[in-house]
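Per-entry structural report
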Amino acid sequence: METTRKTYTVEQIAEDFVYNELEARGLFGLGGNLIIQPEYQRNFIYQKLNKEAAVIESLLKGYPLGLLYFNVRDDGKLEVLDGQQRITSFGRYITDKFAILDENGMPQNFSSLSADKKKKILDAEILVYECKGTESEIKEWFRTINISGVPLNEQELLNAVYSGPFVTSGKTHFSNSNNAQISVWKHYVSGTADRQAYWAEALEWVGKGDVSGYMAAHRNDANCDRVKTYFDSVLNWVKTVFKNTEKEMSGLEWGRLYEKFHNQPYNSDKIEQQIKRLYGDPYVKDRKGIWEYVLGGEQEADRRLLDVRLFDEATKRKVYEKQTKAAEAAGISNCSICASGHVGNASKIYKLSDMEADHVTAWSNGGSTSEENCEMLCSSHNRAKGNK
């Protein structure tokens, strides 16, 4: 890959700067010759991170903004390879899109600055490396560059690698912070649109976990309609089965759960009651497991999803001592199942280390994890008992 070192002023780079408010992205600079946010670039995030004012303050103090990297396209135009957050920040400021606080704590737009401060910003020199190479070389370079202290996440990198009409369509639909559907999506998907959370999750679902493979196979698709259809199908199923939303539903593996359970019939009223019961159960330590547990029919083997609170050591020891004392007095085993049998262990007294705590009334049948509902059984019988 060929590189050429050049120096531009802020004023030159910001010439004819265009910013799209709807998509929150810088579009053009250098008099229309610079494409600020090509499709492989991340969305503009400095505004939400409250970092764009720091860019302007650095320029006013004469601090360097660091290297910028531009890609020289075959048509002679330039694309920002690294630096779009900084360029968009000073471009937005120069075009009066936001204000900074001056030394007196007063907000100042660019147009309200003194002439000397304006000149200091516009005349600030930016060192740029212009790079020219194949698509794969440019994108590999892009992957390795440190983007102004805010590393690219995995989906932003994949967008760069597989840029094209498919990614363009996907970002337009799923990465637009002004999309009204986000008010629904956020109940089921964690993260934000500008960091590609909804686009990443949609691809995770439709690609059955192989996001990179799916993007590679569909890179040249004219749109992302298949992804949108599948994403909507998953969420429509979730909203049909579960009448209400809880905060723990955000971020669950809904795509996997849809594939596993969507062909099964469910009574939404019954499901709602099951969710309420489990959600209010003080012994459920992991509420995020409730929904899969209910979808699976509340099977004993799935109780691990809930991380149900177990009997503590003090309770187990106290119950053991009580059972053992009574068993020794009666001449029977301190395991109630052994004591009721007709085998050699009917009178065996087990050590505490050879016994396990069990619910007298199963937790799944409403039994509490309390001393009153605890019994000690020998390990063999407890593991064979199951949910009875």
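Structure's up top.
Source: prediction; values computed, not measured.

Tallying secondary structure elements over the protein chain gives 17 helices and 11 strands in all. Against the globule reference of 21 Å for 388 residues, the protein chain gives a C-alpha radius of gyration of 31 Å, more extended than a compact globule. A principal-axis box enclosing the C-alpha atoms of the protein chain has dimensions of 100 × 50 × 40 Å. Considering the protein chain as a whole, with its 388 residues, one finds that 47% of them fall into the buried category. Of the contacts made within the protein chain by residues no fewer than 6 positions apart, 64% connect residues no fewer than 24 positions apart. Taken as two groups, the 50 positive and 55 negative side-chain charges of the protein chain have centres that lie 4 Å from each other.

On to the nonpolar core. Of all hydrophobic cores here, the largest spans 50 residues; its most connected members are Val-227, Phe-242 and Trp-254. Mapped by element, the contributors of at least two residues to this core are α7 (165-174), α8 (182-185), α9 (197-206), α10 (211-218), α11 (225-241), α12 (254-261), α13 (268-279) and α14 (290-295). Looking at which element gives the most residues to this core, the answer is α11, with eight residues. Residue contacts for Val-227: discarding those within four places in its chain leaves Phe-166, Phe-174, Trp-199, Ala-202, Leu-203, Val-206 and Tyr-214. Val-10, Phe-17, Val-55 and Phe-70 belong to the second largest nonpolar core, which has 31 residues in total.

Looking now at the side chain of His-173. In this fold, His-173 is placed in helix α7. According to the relative accessible area criterion, His-173 is buried, its value standing at 17%. Apart from the residues lying within four places of it in its own chain, the contact partners of His-173 are Asn-179, Gln-181, Trp-185 and Lys-228.

Attention now moves to the environment of Lys-186. With respect to the helices, strands and loops of the structure, Lys-186 is situated in the loop between α8 and α9. Under the relative-accessibility criterion, Lys-186 is labelled partly exposed at 49%. Along the backbone, Lys-186 and Met-249 are 63 residues apart, and their C-alpha atoms lie at a distance of 9.6 Å. Not counting the four nearest positions on each side in its chain, Lys-186 is found in contact with Tyr-198 and Ser-250.

The subject of this paragraph is unusual backbone geometry. Backbone geometry places Asp-16, a non-glycine residue, at a positive phi of 55°. With respect to the helices and strands, the residue Asp-16 is situated in the loop between α1 (10-13) and β2 (18-20). Look at Gln-196: it is not a glycine, yet its phi comes out positive at around 75°. Structurally, Gln-196 is set in the loop between α8 and α9. Judged by its relative accessible area of 1%, Gln-196 is buried.

The next thing to look at is the pattern of salt bridges. Enumeration over the complete set of coordinates arrives at 19 salt bridges. As a salt-bridge pair, Asp-82 and Arg-86 come within 3.5 Å of each other at their nearest N and O atoms. Salt-bridge contacts for Lys-208 lead to Glu-259; the nearest nitrogen and oxygen are separated by 3.7 Å. Placement of Lys-208 in the loop between α9 and α10 and of Glu-259 in helix α12 is noted, with a sequence separation of 51 residues between them. When salt bridges that share partners are traced, they join Glu-253, Arg-256, Lys-260 and Glu-292 into one network.

The next point concerns the packing of helix α2 (residues 52-60) against helix α3 (residues 84-94). α3 packs onto α2 with a crossing angle of 80° between their chain directions and a minimal axis gap of 9 Å. The orientation of α2 relative to α3 falls into the category roughly perpendicular. The segment α2 lies against α3, with Glu-52, Val-55, Ile-56 and Leu-59 engaging Arg-86, Ser-89, Phe-90, Arg-92 and Tyr-93. Here the contact of α2 with α3 is composed, by residue class, of five nonpolar, one polar and three charged.

Moving on, we come to α9. The element α9 is extensively covered by neighbouring structure, given that eight of its 10 residues are classed as buried. Listed as buried for α9 are Ala-197, Tyr-198, Trp-199, Glu-201, Ala-202, Leu-203, Trp-205 and Val-206. Residues of α9 that are buried sit in contact with α6 (154-161), α7, α8, α10, α11 and α12. Lys-208, located one to two residues past α9, shows a positive phi value of around 55°.

What follows deals with the packing of α7 against α9. In the contact formed by α7 and α9, the axes pass within 8 Å of each other and the chain directions differ by 120°. Taken as axis vectors, α7 and α9 run oblique relative to one another. Crossing angle aside, the handedness with which α7 passes α9 is right-handed. Along the contact surface, α7 presents Phe-166, Val-167, Gly-170 and Phe-174, while α9 presents Tyr-198, Trp-199, Ala-202 and Leu-203. A breakdown of the residues in the contact of α7 with α9 according to their chemical character gives seven nonpolar, one polar and no charged.

A separate point is the pairing of strand β11 (residues 374-378). A large share of β11 lies buried, amounting to five of its five residues. Taking every second residue as pointing to the same face, both faces of β11 are buried, with Cys-374, Met-376 and Cys-378 on one and Glu-375 and Leu-377 on the other. Inspection of the sheet shows strand β10 (residues 355-359) paired to β11 by five bridges, in the antiparallel sense. Its bridge partner being in β11, Asp-358 is matched across the sheet by Glu-375.

About the cut-offs
Residues numbered from 1 in each chain as written. Predicted model: local features only at pLDDT ≥ 70, side-chain atom pairs only at ≥ 80, totals over all residues. Heavy atoms only, no water. Helix = DSSP H or I, 4+ residues; strand = E, 2+ residues; numbered from the N terminus. Rg over C-alpha atoms; globule rule 2.2 N^0.38 Å. Buried < 20%, exposed > 50% of the residue type's maximum accessible area, 1.4 Å probe, protein only. Contact = heavy atoms within 4.5 Å. Lys, Arg positive; Asp, Glu negative; His and termini not counted. Charge placed at Lys NZ, Arg CZ, Asp CG, Glu CD. Core = buried A, V, L, I, M, F, W, Y, C linked by side-chain atoms within 4.5 Å. Salt bridge = Lys/Arg side-chain N within 4 Å of Asp/Glu carboxyl O. Axes fitted to C-alpha atoms, helices over the stretch in contact; angles between N-to-C directions. Parallel < 35°, antiparallel > 145°, perpendicular 65-115°, else oblique. Nonpolar A, V, L, I, M, F, W, Y, C, P; charged D, E, K, R; others polar. Left-handed = near helix turned anticlockwise from the far one by under 90°. Pairing = 2+ DSSP bridges.

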